[in-house]
Amino acid sequence: MPVRSIRSLAFEDLSIGLSELVFKTVTDQDIVGFADISGDQNPIHLCDLYASRTRFGQRIAHGIYTASLISAVIGTRLPGPGAVYLSQTLNFKAPVKIGDVVRVHVEVAELIPERQRARLTCECAVDATVVLDGEAVVRVPMRAELAHAA
């Protein structure tokens, strides 16, 4: 996913409704690379002949690959470097195929100041079809923590 630039937001910079939107075209190389890294060699992801005989009719991306696009947004854009994942729920709703353009949307739904936590709604869609949704909870550093880390 080509990231426009890395943006690091402190907890004080967040507000409910703040969001980030990125797009990623899924390639064969993405799927093969993810299979190599994850060890998930399921032929539904890697074998055209096998996949053609499934209900999808063609190879599909790993669901967790699609979810990793959310992680990329959280780690590089909203809130960005310094954020620490605490939890993530995922609801897989539809397959993602080679050539699909995935729209990844992450939005601040709740802020918990006393614990420096943000609850984020997360959605991945292809055209008008939501392929994955869920929520993430992250710990977000305060400005002073970010300045100290730099």
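Right above here is the structure, for reference.
## Some words on the environment of Y50
So, point 1. Within the element layout of this structure, Y50 appears in helix α3 (residues 48-52).
So, point 2. Y50 has contacts with N42, P43 and I44, leaving out every residue within four places of it along the chain.

## Examining the pairing of strand β5 (residues 117-126)
Side-chain positions along a regular strand alternate between the two faces of the sheet.
So, point 1. When you tally the buried positions in β5, you get seven out of ten residues, the bulk of the element.
So, point 2. Both strand β4 (residues 101-112) and β5 contribute to a ladder of ten bridges, which runs antiparallel. Directly across from V108, in β5, lies its bridge partner L120.
So, point 3. Inspection of the sheet shows β5 paired to strand β6 (residues 129-139) by ten bridges, in the antiparallel sense. Within β6, the residue paired with V126 across the bridge is T129.
So, point 4. Counting the residues between successive antiparallel strands, the hairpin from β5 to β6 contains two residues, one of them, D127, with a positive phi of roughly 55°.

## Things to note about helix α1 (residues 28-38)
So, point 1. Buried residues of α1: D30, I31, F34 and A35, and no others. Axial view of α1: buried residues confined to an arc of 130°, hence all on one face. For α1, the exposed residues lying more than 90 degrees away from the buried face are Q29, D36 and I37.
So, point 2. Contact partners of the buried residues in α1: β1 (19-25), α2 (43-46) and α4 (63-76).
So, point 3. One or two steps after α1, the chain reaches G39, where phi turns positive at roughly 85°.

## Structural notes on the packing of aromatic side chains
So, point 1. Under the defined criterion, the tally for this structure stands at one aromatic pair.
So, point 2. For the ring pair F34 and Y65, a centre distance of 5.8 Å and an interplane angle of 75° mean the geometry is edge-to-face. Of this pair, F34 sits in helix α1 while Y65 sits in helix α4, and the two are 31 residues apart along the sequence. Like F34, the residue Y65 is buried in the burial classification.

## Observations regarding the pattern of salt bridges
Side chains that carry opposite charge are capable of pairing whenever their charged atoms lie near each other.
So, point 1. For the coordinates displayed, the defined rule picks out eleven salt bridges.
So, point 2. Within this structure, R7, E20 and R77 form a network of salt bridges that share partners.

## Concerning the pairing of β6
So, point 1. Here strand β2 (residues 84-88) runs beside β6; their pairing, made up of four bridges, is antiparallel. Bridge assignment links Q88 to a residue of β6, and that residue is A136.
So, point 2. Relative to β6, strand β3 (residues 91-92) runs antiparallel, the two being bridged by two bridges. Directly across from F92, in β6, lies its bridge partner L132.

Calculation rules
Residues numbered from 1 in each chain as written. Predicted model: local features only at pLDDT ≥ 70, side-chain atom pairs only at ≥ 80, totals over all residues. Heavy atoms only, no water. Helix = DSSP H or I, 4+ residues; strand = E, 2+ residues; numbered from the N terminus. Contact = heavy atoms within 4.5 Å. Buried < 20%, exposed > 50% of the residue type's maximum accessible area, 1.4 Å probe, protein only. Pairing = 2+ DSSP bridges. Arc of directions from axis to C-beta. Phe/Tyr/Trp six-rings, centres within 6.5 Å; stacked < 30°, edge-to-face > 60°. Salt bridge = Lys/Arg side-chain N within 4 Å of Asp/Glu carboxyl O.

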